[in-house]
Amino acid sequence: MSLYVPPQAVNASRRATIGALFHARVPANPEHRAVVDGGRVLTYTELEDRSNRLANGFLSLGLRRGDRVGLLARNCLEYLEIELAAAKAGLILAALNWRLGDRELRHCINLVQPEAIIVQEDLAAALDRLDLAPHRRFELGPAYEDFLAAAPNHYPDLDIDPEDGLVILYTSGTTGLPKGALVSHRAMVARAMCFASEFEVPIGDNFCAWPPFYHMASTDQSLATLLRGGTVHVVNGYEPDLLIHVLETEEMRFFALMPGMVGPFAAILQARGVKVKGVGSCGAMADLVPREDIAAATLALNAPYNNTFGATETGMPPATSNVIPIGVAPTNLSKRQSAFCELRLVDAEDNEVPVGTPGEVALRGPTLFSGYWNAEETNAQDFRNGWFHMGDVLRRNADGSLDYVDRVKYMIKSGGENIYPAEIEQVMLADARVHEAVVVRRADRKWGEVPVAFVVMADPGLTADDLMERCRENLSSYKRPKEIIFLAEDELPRSTTGKVQRHELEARLSSG
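Criteria and thresholds
Residues numbered from 1 in each chain as written. Predicted model: local features only at pLDDT ≥ 70, side-chain atom pairs only at ≥ 80, totals over all residues. Heavy atoms only, no water. Core = buried A, V, L, I, M, F, W, Y, C linked by side-chain atoms within 4.5 Å. Buried < 20%, exposed > 50% of the residue type's maximum accessible area, 1.4 Å probe, protein only. Helix = DSSP H or I, 4+ residues; strand = E, 2+ residues; numbered from the N terminus. Contact = heavy atoms within 4.5 Å. Pairing = 2+ DSSP bridges. Salt bridge = Lys/Arg side-chain N within 4 Å of Asp/Glu carboxyl O. Axes fitted to C-alpha atoms, helices over the stretch in contact; angles between N-to-C directions.

Draft legend 1. Up close: the nonpolar core. One finds Phe255 and Leu257 to be the most contacted residues of the largest nonpolar core, which totals 112 residues. Here this core takes nine residues from helix α4 (residues 77–89), the largest share from any one element. Leave out the neighbours within four places in its chain, and Leu257 touches Trp210, Val262, Phe265, Cys282, Gly283, Ala284, Ala297, Leu301 and Tyr305. Core analysis: the next-biggest nonpolar cluster, separate from the first, contains 28 residues, Val434, Val438, Val440 and Leu467 among them.

Structure representation (structure tokens):
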């Protein structure tokens, strides 16, 4: 029996790319709002025209399939037209984080070697300091508009493979320099479908893109919204007044809340008595949010909280399929496996672990990225045996639900036992008097390493004894922190993406 091999024409007919799908969407709602940025509005016809012009302008400069274009800009309307233009021209957009210091930004640019960089005028000085290799540069403003106006506006109907790169999003850990995660057209189309399915997003819905576009939180969902005839409302970061205006005037199935702003924003909504027009669900990354903040936010928005677990590399999978009911401060954060992915939990030898045993997430599915740019050794390790290994540890329960445990690379080994800091942190965060908890390791002559907790209080009446008692009730003896240190929120060392840098807390312990 021979295998059927589809003819080339059949294979070509199955292709779906971001630029082509947006182009196909325009005739269905030409005058519908595509992007709103304050007082600036682009219809689908206008966004098509501007992205076509920019794509043709890129091609006229000699940029070729697979070339990188860097973009250093805050959230703005132009961000989306540049992404679509790159998609139509077969180029890869490198989404640069404007908050980075010179060393990190230089690394991110040199890593991908862009042929051109587009920059907001007030950020141009940051590039001048970096001593970069020669490249074309465009500043958003009059010169950029002149460049668009001079280019033809026809759709550049190019032969682009769905596996071609679309965007490079930089990922950062608690240590080391960022890696560039390459996301293909195929992956972004699959992420759009996953977004619509998991969050039950209707066609023509609104999305508020306030997290930075250099993160997946806004890029993935904005492109998904445009492919389905909706409107992207652009807000430049956490601006409560602007976010409230969007919430009061627009209905949306999903409103993003990010760790660090959930509690303060909920307090503002409650204090002002804000009446949202309609939100289907809210939030993200519940494991990183104080439990009482989750309850307050759901009450303020009258919407359940999304108990998500995904990554830049994976999109919404592997476990973004569950919500926390309105008004509930959850005592556990068990998750449900996402559709559109296969998931294994494995040990260090890549053997699948039994139910109830923590294991590293190994994932397969169409939303996966295409590897880290210029990082062959890392890719060989992380994609071993044909599965992407996330570096995150989950535990599958008897009912099939999944619990987050911790990162593989940050583990405390105490007296031969493995301790995952997040398990201790979750016990502490279940106390409403705890705003934030971070557990790190400290060297110990007897046990090798022991856990120590740094805690930010939500209630000044909280004591170390209170938390120790909670730990005694919920944790095995070897997992209980040997010391609890209280500190102010602004004393927690964070990376530019907001992640607590555990190694700096460890250094604080060793120095005193």
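Alright, that's what it looks like, and here's the rest.
Draft legend 2. Examining the pairing of strand β16 (residues 359–364) more closely. Buried residues dominate β16, accounting for five of its six residues. Two elements, strand β15 (residues 342–346) and β16, share five bridges in a ladder whose sense is antiparallel. Considered in β16, the bridge of Arg344 is made with Ala362. Here four bridges tie β16 to strand β17 (residues 388–396), and the two strands are oriented antiparallel to one another. Looking at β17, one finds that Glu360 is bridged to Val393.

Draft legend 3. Region of interest: the pattern of salt bridges. This structure, assessed with the given rule, holds 31 salt bridges. Here Arg191 and Asp220 are joined by a salt bridge, their closest N and O atoms 3.0 Å apart. Taken as a pair, Arg191 in helix α8 (residues 185–198) and Asp220 in helix α9 (residues 216–227) lie far apart in primary sequence, 29 residues in all. What makes Arg191 buried here is its relative accessible area of 2%. Using a relative accessible area of 2% as the deciding quantity, one classes Asp220 as buried. Asp287 is paired through a salt bridge with Lys335; the nearest N and O atoms lie 2.7 Å apart.

Draft legend 4. The arrangement of the sheet that holds strand β8 (residues 179–184) in detail. Across the sheet, which stays open at both edges, the six strands sit in the order β6-β5-β3-β4-β7-β8 with mixed pairing between neighbours. Of all the strands in the sheet, just β6 (136–140) and β8 have a single pairing partner and so form its edges. Strand-to-strand twist across the sheet, computed as the mean angle between neighbouring axes with direction ignored, equals 25°. Of the pairings in the sheet, the one linking strand β4 (residues 92–96) to strand β7 (residues 165–171) comprises three bridges and is parallel in character. Each residue of the ladder has a partner; that of Ala95, found in β7, is Leu169. Relative to β4, α4 is tilted by about 150°, and along the sheet it contacts β3 (68–72), β4, β5 (116–120), β6 and β7.

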